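Close look at the chain arrangement
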Amino acid sequence: MARLNSFLFLSLVVALNSQASAEGWGDLRGKIVFDGKAPARTKLVVNKDEAFCGPFNLLSEDLVVGEDGGVRYVVVALDLGRGDAALPIHESYDETADAEVRLDNKNCRFDPRICLLRTTQTLVVGNPDQVAHNTNVQTFKNPGVNPLIPAGAQLKLNFKLAESFPATVSCNIHPWMQGRMVIKDNPYMAVTAEKGEFVIKNLPAGKHTFHFWHQAGNIDSVTRDGKKEEWSRGRVEFEIEDGDENNLGEIKVPAAVLQ
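All figures in this text were calculated on a predicted structure; none of them were measured in a lab.

**Describing the nonpolar core**
A general feature of soluble globular proteins is that nonpolar side chains tend to end up buried together. Of all hydrophobic cores here, the largest spans 28 residues; its most connected members are Ile32, Phe198, Phe210, Phe212, Ile219, Ile251 and Val253. Listing elements by their share of this core, those giving two or more residues are strand E1 (25-35), strand E4 (75-78), strand E16 (197-204), strand E17 (206-214), strand E21 (235-240), strand E22 (243-254) and helix H3 (255-258). Residue contributions to this core peak at four residues, all from E1. The contacts of Ile219, once residues within four sequence positions are left out, are Val74, Phe212, Trp213, His214, Trp231, Gly234, Val253, Val257 and Leu258.

Listed below in structure tokens is the structure:
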């Protein structure tokens, strides 16, 4: 009976993957744009280890808007609700499924500012700085961690449970240091780059719900193609077609949502 159950399970997995392959795989891309004149970034108050951290002239990363209006550090992730079946994963993600992902305390800031991590991957927390840091990760489902990282040291951590919202990352020694960790059990997530652009590659074709999030909260009100849209709790459904033509274009977000 156990052997029969194993056979049926494997048959179901093969069937799901065959169905996804038959329908195809598509890339989702777009650009998050600040709707209006963006405020200037403020200089952070460096009041600890000033001799080392002060010369970096650190600026706030709470809201980073490029010259062309693109908003950096917006998270876009596939949103699987309770009871939703896990989606098949494209083979292009196999190589990084158990990879190490770095999060450095570098130049008295977290690098990257937003870290994307799969539950099958290992987080390597490093400190190339000449001063000690701690990396305080406040999760919702995983046990929280707060290790001290001496200068030049690193350690490895694992987070086995997917998180619905990005976890807060901070350094209690240097209170201006802030970051986020997005922890998912699938690779379908992205964070906007310098020009506000993002791409999630090789999604299974079909209708999927995506979560748009910024440090200020869920992105729930936008303008797209000249029309205002309301995204409940930052969630919105899109049809992913086979290929790389699933382009959402410019998604304009008002200041009230990002501040």
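There is more to say, and it comes next.
**Quick word on the sheet that holds strand E13 (residues 167-170)**
One open sheet holds the four strands; their spatial order is E7-E14-E13-E10, and the pairing between them is mixed. Of all the strands in the sheet, the pair left with one neighbour each is strand E7 (114-118) and strand E10 (136-138). Strand after strand, the sheet turns through a mean of 25° between neighbouring axes, direction not considered. Here E7 pairs with strand E14 (residues 178-184) via five bridges, running parallel. Considered in E14, the bridge of Cys115 is made with Met181.

**Re the layout of surface pockets**
Its volume calculated, the largest pocket comes out at about 460 Å³. Taken together, 14 residues form the lining of the largest pocket, with Leu80, Gly81, Arg82, Lys141 and Ser164 sitting closest to its centre. Here the residues of the lining of the largest pocket are counted per class, giving three nonpolar, three polar and eight charged.

**Looking at the pattern of salt bridges**
One pass over the full model with this rule turns up 10 salt bridges. As a salt-bridge pair, Glu61 and Arg109 come within 2.7 Å of each other at their nearest N and O atoms. With Glu61 in the loop between helix H2 (50-53) and strand E2 (64-65) and Arg109 in strand E6 (residues 109-111), this pair connects stretches of sequence that are 48 residues apart. For Glu61, a relative accessible area of 14% puts it in the buried group. Taking relative accessible area as the criterion, Arg109 reaches 21% and is therefore assigned partly exposed. The partner of Lys156 in a salt bridge is Glu100, with the nearest N and O atoms 2.6 Å apart. Separated by 56 residues along the polypeptide, Lys156 in strand E12 (residues 154-157) and Glu100 in strand E5 (residues 100-106) bring together distant segments of the chain. Members of the salt-bridge network, linked through shared partners, are Asp27, Arg29 and Lys201.

Definitions and limits used
Residues numbered from 1 in each chain as written. Predicted model: local features only at pLDDT ≥ 70, side-chain atom pairs only at ≥ 80, totals over all residues. Heavy atoms only, no water. Core = buried A, V, L, I, M, F, W, Y, C linked by side-chain atoms within 4.5 Å. Buried < 20%, exposed > 50% of the residue type's maximum accessible area, 1.4 Å probe, protein only. Helix = DSSP H or I, 4+ residues; strand = E, 2+ residues; numbered from the N terminus. Contact = heavy atoms within 4.5 Å. Pairing = 2+ DSSP bridges. Axes fitted to C-alpha atoms, helices over the stretch in contact; angles between N-to-C directions. 1 Å grid on protein atoms, 1.4 Å probe; cavity = no way out; pocket = protein on both sides within 12 Å on 5 of 7 lines; lining within 4 Å. Points joined across faces, edges and corners; volume = space filled by probe spheres on them. Nonpolar A, V, L, I, M, F, W, Y, C, P; charged D, E, K, R; others polar. Salt bridge = Lys/Arg side-chain N within 4 Å of Asp/Glu carboxyl O.

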